[in-house]
Each structure stands twice: as structure tokens, then as C-alpha cells.
Amino acid sequence: MGNNRIGILAVQGGFDLHVECIQSLACSHRLVRNPEDLNNIDALIVPGGESTTMQWIMKKNGLFPAIKTALLNNSLPCFGTCAGLILAATTIYNDHEDSHNDEGFGYAPMCVTRNAYGTQVDSFETDLNIPHIQEKFRAVFIRAPRVLSHGKEIKVLARCEKDPVLLQYKRSLFTTFHPELSNSLAVHKYWLDLIGNR
Ligand code: GLN
């Protein structure tokens, strides 16, 4: 049983399946909805969903600046999936590179475009080869973002065609797909190992 307490952002989006994954890996968790919920957690999962809605809710109750501060002072490693990756990025474009920027946590040095593959009907599944993690990982992409560029501190752990889809920054992990929708816990397990969950 891991000794870290994993916070799971639960203001909107697909947090419940992350809860199941964390429970399956025998770790304790706490749902994060208010700034006080950040007390006594060691790491944070930011799930997929609608990044603009999540921002709006978190800005209303002070959770947004609280998470931003914790990320920027490196006291809160995170696992951001899809919308979670978008929120963590330093530069966010809406749909096209020339559209206006949203403001996220500004934590991981990467430039991302939201909904880069099209609308809901352009969502897709594919098998990824994730070296050292899993050879054939069924990855589900739902209105996924694309990482256009990133700082050299970021390690790309997997690509789909040429696009980076699994990225590591310090003790944080980011996916443009939804690992919680796969039948494998390998990516969650990799992150728990990364944050020293022994
Ligand atoms: N398109 C969503 C956004 O911009 C992300 C989609 C997802 O998390 N599956 O926030």
C-alpha cells in the first residue's frame, strides 16, 4: 500500500475513474474541490474534462491560485490528463494557433492547442508503444490537445505519429489521452513510482 495521499481534482470532468485507478493501486485519495482540500495531499491528479469550465469553477472559490502556487513552488507533483495537461501548460491556444490564449497554471513549459484533432466525432483510439512502461497501451483520445512544442526539461515518453502524447516534467506526468479509460494501470503506476510511492 502506497503511503502518499493522492488528491484528485473533482470540480468537473472524469475524476471518478481516476479514483478507481488509485484505489486499484491500493493508494488512498482525497477529492479536491476547495483550497483546504490541498492540505494533507502529496500529489494531485487533474483529470480530463473541459478545461475552461474547470478554470471557471476553480477561480470562483480560490482553488485555482492555490493549485498554481503549489505547482510553481514544486511542492505538488501532478498527473494531468487531457484537460489536465492543457491547464498545466505555459502556453494554451484555443483550437488554432492564431486564436486567443487562455490562462492556465503556467507550470509545465509546453505550448498546446486545445481540440487540435477536431470535434467530438474526431475522437479516436489507438495502441501506443510506451517504451519501458507498456508495449501496447490502448489509448483513448477525446477532443485531445496537441503539444506543439516543449522545453528541453520535458521528457517525451510516448508519441502518436509525431505528436508527443505522454510527457514527464520533474515528478509530474501529462497525457493528451485518457489512461483511466484503458484497461491497464501501467501509466498511473509509473506516476506513483515517479513520486516515490513506496
Ligand atoms: N477539449 C477539452 C478542453 O479543451 C479537453 C478534452 C478532454 O479532456 N478529453 O478542455
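Given the structure is predicted, the values throughout are model-derived calculations rather than measurements. (Residues numbered from 1 in each chain as written. Predicted model: local features only at pLDDT ≥ 70, side-chain atom pairs only at ≥ 80, totals over all residues. Heavy atoms only, no water.)

Asker: So what about the side chain of R114? Which residues, and what values?
Answerer: You can see R114 is positioned in the loop between β7 (108-113) and β8 (124-130). Among the polar contacts listed, one links the side chain of R114 to the side chain of S51, at a separation of 3.4 Å. Sequence-distant contacts of R114, that is, excluding residues within four places in its chain, are made with E50, S51, T52, I86, I92, Y93, N94, D95, D102 and P145. (Helix = DSSP H or I, 4+ residues; strand = E, 2+ residues; numbered from the N terminus. Polar contact = N/O pair within 3.5 Å; in protein donor to acceptor, adjacent residues only side chain to side chain. Contact = heavy atoms within 4.5 Å.)

Asker: So what's going on with the nonpolar core? Which residues, and what values?
Answerer: Counting 33 residues, the largest nonpolar core has L9, L44, M58, I67, Y107, M110 and F174 as its most contacted members. Listed by contribution, the elements that provide at least two residues to this core are β3 (43-46), α2 (51-61), α3 (63-72), α4 (83-88), β5 (89-93), β7 and β12 (163-169). Sequence-distant contacts of M110, that is, excluding residues within four places in its chain, are made with L85, A89, T90, T91, V147, S149, H150, I154, L167 and F174. I45, I130, A139 and A186 belong to the second largest nonpolar core, which has 29 residues in total. (Core = buried A, V, L, I, M, F, W, Y, C linked by side-chain atoms within 4.5 Å. Buried < 20%, exposed > 50% of the residue type's maximum accessible area, 1.4 Å probe, protein only.)

Asker: How would you explain unusual backbone geometry if you had to name every residue and give the values?
Answerer: Even without glycine at this site, N40 takes up a positive phi of about 65°. By the element assignment, N40 lies in the loop between β2 (28-32) and β3. With relative accessibility at 55%, the residue N40 sits in the exposed group.

Asker: Account for the state of the cysteines, with residues named and values stated.
Answerer: Working definition: the covalent bond between the sulfur atoms of two cysteines is a disulfide. In the structure shown here, the tally under the stated rule is 0 disulfides. The structure places no disulfide on C21, whose sulfur is separated from the nearest cysteine sulfur, that of C27, by 11 Å. The thiol of C160 is not disulfide-bonded; the next cysteine sulfur, from C82, is found 13 Å away. (Disulfide = S-S within 2.5 Å.)

Asker: Describe empty space enclosed by the protein, and please don't skip the residues or the numbers.
Answerer: Gaps left between atoms are located by rolling a probe of water-molecule size over the structure's atoms. This model, assessed by the stated rule, comprises 1 cavity of 30 Å³ or more. Here the largest cavity is characterised by a volume of approximately 30 Å³. As for the largest cavity, its lining consists of Y117, G118, T119, D122, S123, F124, F141, I142, R143 and A144. Here the residues of the lining of the largest cavity sort into 5 nonpolar, 3 polar and 2 charged. (1 Å grid on protein atoms, 1.4 Å probe; cavity = no way out; pocket = protein on both sides within 12 Å on 5 of 7 lines; lining within 4 Å. Points joined across faces, edges and corners; volume = space filled by probe spheres on them. Nonpolar A, V, L, I, M, F, W, Y, C, P; charged D, E, K, R; others polar.)

Asker: Run through the environment of N115, naming residues and quoting values.
Answerer: With respect to the secondary-structure elements, N115 resides in the loop between β7 and β8. Among the residues examined, N115 registers a relative accessible area of 14% and is labelled buried. Along the backbone, N115 and R146 are 31 residues apart, and their C-alpha atoms lie at a distance of 7.7 Å. Apart from residues no more than four positions distant in its own chain, N115 is found in contact with D95, R143, A144 and P145.

Asker: Break down the layout of surface pockets for me, with residues and values.
Answerer: Roughly 170 Å³ of volume is contained in the largest pocket. Residue lining of the largest pocket: G48, G49, E50, S51, C82, A83, I86, R114, N115, I142, R143 and H178, and that is the complete set. Tallied by class, residues from the lining of the largest pocket come to 4 nonpolar, 5 polar and 3 charged.

Asker: Before we move on, can you summarise the site of the ligand with the specific residues and values?
Answerer: With respect to spatial proximity, the complete set of residues near the ligand consists of G48, G49, E50, S51, C82, A83, I86, R114, N115, I142, R143 and H178. Between the ligand and A83 there is a distance of 3.1 Å, counted from an oxygen atom to a backbone nitrogen or oxygen. Between a nitrogen atom of the ligand and a side-chain N or O atom of H178, the distance comes to 2.8 Å. Expressed as a share of its isolated accessible area of 300 Å², the protein-covered part of the ligand is 97%. Spatially, the ligand is embedded in the largest pocket. In terms of residue class, the shell around the ligand is made up of 4 nonpolar, 5 polar and 3 charged. (Near = heavy atom within 4 Å. Areas by Shrake-Rupley, 256 points an atom, 1.4 Å probe, with all protein chains shown as cover. Sits in = over half its atoms within 2 Å of the grid points.)

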